[in-house]
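Overview (structure and organization)
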Amino acid sequence: MIDRDVISRILHAGVQAPSGDNSQPWSFKIDGDAIIVLCHPQMDHPVLNVDARGTYLATGALIENMVIAARHEGLDASVRYFERDGETARMVLSYGSEKGHHLYPAIANRHTHRGAYETPLDASSLELLTVETEEHCRMTLITKPAAIRRIAEASTLMEETALSIKKLHYLFFKSLLWSVRENESGTPGLFIKTTELPAPVQGMFRVIRHWPLMRIFHVLGLPKAAAKSNAEVYASSGAIAALFVTRTEPQDFIAAGRCMQRIWLSATHAGLSAQPLAGLIYLAEYVARTDDQEIGAELKQRIRAARKVLSDTTEERGDTMAMMLRIGIPKQHASSRSKRRPPVIL
Ligand SMILES: Cc1cc2nc3c(=O)[nH]c(=O)nc-3n(C[C@H](O)[C@H](O)[C@H](O)COP(=O)(O)O)c2cc1C
């Protein structure tokens, strides 16, 4: 029987994984030497989570952390997906591996850095980012500054839309945590300080979280200005890793999440920072699947066109983009980190 303290350490490493808006959409059951992962798509953004893909990506990152933590403890972890009703994954632990994993320290150090980066990255860093992928998953590393800029400018249509459409505005501000106390307690949500926005802009966010006031700033052109300024930040990236799935089963998005985490931990290990750019991918998927009247025809057309830029620039071909991760040398340390609640064991 595996020591319960060891299982607890594996779970604590697992939940350091990224999740959309830090939703932490998971809980666990322990069954002998098996850890059962249950994921909860209802904890994620109801628009930007088509077919629970964002939830599965986050769950993949969680599982990757747990596999690495198990190796660190000298354990083998065999993972099976959707084997029994209600279970997302079942990880069976056994004694076996040699103790240690070079990426283990990166689990605690990894975080989303939304500030500007230095360009470019040297060849050895780029080589470290070219990780082994999972079945039904492939990655492309975009390094040409012109291509990175095209992706940066297209992606920030997400920010413009989030500040222009009432429902998306509501959901964005609902996900924000405003106080250090809330963040420290590990409450699911995105801590405002992790946006890396200048302090006066963070102050302005307190005003524009009220839709009638947002509408005034909309007339003044704030959504477009915010998108433009973020595009400059994204364009400062040294590389963008684009991850694709060659099938679209839930398990394939978990596999993509494992790859994302492998890249992200490798980047952290090499002293690099990263930020997912997932919003536009999932906004475009939502627009393609629904007839949401709140999003006007012209905006829908712009979303489709921006999504095509991502597709063309990353050479998506017939596959399905699951995630983009921008990577680079940070100009400054991140000013804050999103915290986690302890693992929820049912
Ligand atoms: C599926 C997924 C999508 C995400 N999309 C974005 C995104 O579009 N923009 C962004 O800044 N962060 C994005 N993130 C990062 C999360 O907001 C971040 O992981 C979470 O707030 C926890 O913070 P941490 O990564 O610093 O631990 C995404 C993460 C996941 C797993």
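The structure under discussion appears in the preceding block.
Here's what I pulled together on the structure shown here. Only a predicted model underlies this, so the values are computations on that prediction, with no experimental measurement involved.

Considering the overall build of the protein
Counting its regular elements, the protein contains 14 helices and 11 strands. For 346 residues, the compact-globule estimate of 2.2 N^0.38 gives 20 Å, and the C-alpha radius of gyration of the protein, at 20 Å, lies within 12% of that figure. Taken along the three principal axes of its C-alpha coordinates, the protein extends 65 × 40 × 40 Å. Across the protein, every contact between residues at least 6 apart in sequence was considered, and the portion connecting residues at least 24 apart equals 78%. Put simply, the protein shows about 15,400 Å² of open surface, and 53% of that area lies on carbon and sulfur atoms. Both charge centroids of the protein, one from 41 positive and one from 38 negative side chains, sit 6 Å from each other.

Considering the side chain of Thr314
Within the secondary structure layout, Thr314 lies in helix H14 (residues 297-314). Residue class for Thr314 comes out buried when judged on its relative accessible area of 1%.

Overview of the packing of aromatic side chains
In the structure shown here, the tally under the stated rule is 4 aromatic pairs. Judged by centre distance (5.0 Å) and plane angle (75°), the ring pair of Phe172 and Phe173 falls under edge-to-face. We classify Phe172 as partly exposed; its relative accessible area is 21%. What links up through ring pairs into an aromatic cluster is the set Phe172, Phe173 and Phe205. One residue, Arg138, lies across the ring of Phe244, its end atom 4.2 Å from the ring centre. The cationic tip of Arg209 hangs over the ring face of Trp178; the distance from NZ or CZ to the ring centre is 4.5 Å.

Observations concerning the pattern of salt bridges
Following the criterion strictly, the structure yields 24 salt bridges and no others. Arg262 is paired through a salt bridge with Glu64; the nearest N and O atoms lie 2.9 Å apart. With Arg262 in helix H12 (residues 250-269) and Glu64 in helix H2 (residues 53-72), this pair connects stretches of sequence that are 198 residues apart. You can call Arg262 buried: its relative accessible area is 13%. Two residues, Glu134 and Arg262, come together in a salt bridge whose shortest N-O distance is 2.7 Å. Highlighted residues: Glu134 in the loop between helix H4 (123-129) and strand S6 (137-142) and Arg262 in helix H12, separated in sequence by 128 residues. Look at the salt bridges and you will find they share partners, linking Asp51, Arg53, Glu285 and Arg289 into a network.

Rules used throughout
Residues numbered from 1 in each chain as written. Predicted model: local features only at pLDDT ≥ 70, side-chain atom pairs only at ≥ 80, totals over all residues. Heavy atoms only, no water. Helix = DSSP H or I, 4+ residues; strand = E, 2+ residues; numbered from the N terminus. Rg over C-alpha atoms; globule rule 2.2 N^0.38 Å. Contact = heavy atoms within 4.5 Å. Areas by Shrake-Rupley, 256 points an atom, 1.4 Å probe, with all protein chains shown as cover. Lys, Arg positive; Asp, Glu negative; His and termini not counted. Charge placed at Lys NZ, Arg CZ, Asp CG, Glu CD. Buried < 20%, exposed > 50% of the residue type's maximum accessible area, 1.4 Å probe, protein only. Phe/Tyr/Trp six-rings, centres within 6.5 Å; stacked < 30°, edge-to-face > 60°. Lys NZ or Arg CZ within 6 Å of the ring centre and 35° of its normal. Salt bridge = Lys/Arg side-chain N within 4 Å of Asp/Glu carboxyl O.

Remember, this is a structural readout, not a statement about activity or role.
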